[in-house]
Amino acid sequence: MGELDDSSSLAARRIYAQRSAICASPAYLERHGRPQSVDDLARHSVIGYGREGVVRPWAIRDGAGHLTTFVPKARLVLGHGEPMLDAALAGCGIAFLPTWLAGQSLRRDALEMVLSDHLVEHIAVHAVWPLARALTPKVRVVIDALVGHFSAPIWDAA
């Protein structure tokens, strides 16, 4: 996941772009209100992703639709996506979650998108393999299957 460095020993194919959304449970939004701007997030409980004391910034769209970076002042920092989803579902705050993780909760209305109805594509996902003169058939089959599977991921139907 992420941008790749140049390599003379590896080959890669982009599979898809991970999409994410700012989400909160309906119960949280009922109790604390719905933020109308990114600045409003300062008055909300934010669930952040972080490790070793560093909270990862969010890639979000500004009012003009341009991709910008937002560094949340998180009240709850977790180092894995599933606990972040659980915390958001439990009404602990607002989280920036990948759709592969939050899609089912969004579809069943256990979570709502906040600040935007648009998903943000922000992390490229690649298949990477050792560079060889010819790609083996089994590697080609796997790569083609991944591309087919991720071309219209069902979790983005939220």
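Up top is the structure these notes are about.
Every value quoted in this text rests on a predicted model; they were computed, and no experiment measured them. (Residues numbered from 1 in each chain as written. Predicted model: local features only at pLDDT ≥ 70, side-chain atom pairs only at ≥ 80, totals over all residues. Heavy atoms only, no water.)

Visitor: Break down the overall build of the protein chain for me, with residues and values.
Guide: Each helix and strand counted, the protein chain has four helices and nine strands in total. Written out in order from the N terminus, the α and β elements of the protein chain read β-α-β-β-β-β-β-α-β-α-β-β-α. Once the C-alpha set of the protein chain is aligned to its principal axes, its extents read approximately 60 × 30 × 30 Å. Residues classed as buried in the protein chain amount to 38% of the 158 residues present. In the protein chain, the share of contacts with a sequence separation of at least 24, taken over all contacts with a separation of at least 6, comes to 73%. Working note: accessible area of the protein chain is about 9500 Å², and carbon and sulfur atoms make up 53% of it. Treating the 16 positive side-chain charges of the protein chain as one cloud and the 16 negative ones as another, the clouds have centres 5 Å apart. (Helix = DSSP H or I, 4+ residues; strand = E, 2+ residues; numbered from the N terminus. Buried < 20%, exposed > 50% of the residue type's maximum accessible area, 1.4 Å probe, protein only. Contact = heavy atoms within 4.5 Å. Areas by Shrake-Rupley, 256 points an atom, 1.4 Å probe, with all protein chains shown as cover. Lys, Arg positive; Asp, Glu negative; His and termini not counted. Charge placed at Lys NZ, Arg CZ, Asp CG, Glu CD.)

Visitor: Residues and numbers for unusual backbone geometry, please.
Guide: Residues other than glycine seldom take positive phi values, yet Glu52 does so here, at roughly 55°. With respect to the element layout, Glu52 can be found in the loop between β2 (46-51) and β3 (54-55). Within the chain, Asp109 stands out as a residue other than glycine whose phi angle is a positive 65°. As for its placement among the helices and strands, Asp109 is situated in the loop between α3 (99-107) and β8 (112-113). Asp109 gets classed as exposed once you look at its relative accessible area, which sits at 57%.

Visitor: Break down the packing of aromatic side chains for me, citing the residues and quoting the values.
Guide: Overall, the coordinates contain two aromatic pairs when judged by the stated rule. Measuring from ring centre to ring centre gives 5.5 Å for Trp58 and Phe96, while their planes differ by 20°; the resulting arrangement is stacked. Of this pair, Trp58 sits in strand β4 (residues 58-61) while Phe96 is found in strand β7 (residues 94-98), placing the two residues 38 residues apart along the sequence. The class for Trp58 is buried, based on a relative accessible area of 3%. Phe96 sits in the buried class, given a relative accessible area of 10%. Here the aromatic cluster, defined as three or more aromatic residues joined through ring pairs, consists of Trp58, Phe70 and Phe96. (Phe/Tyr/Trp six-rings, centres within 6.5 Å; stacked < 30°, edge-to-face > 60°.)

By themselves, these observations are geometric and do not establish any function.
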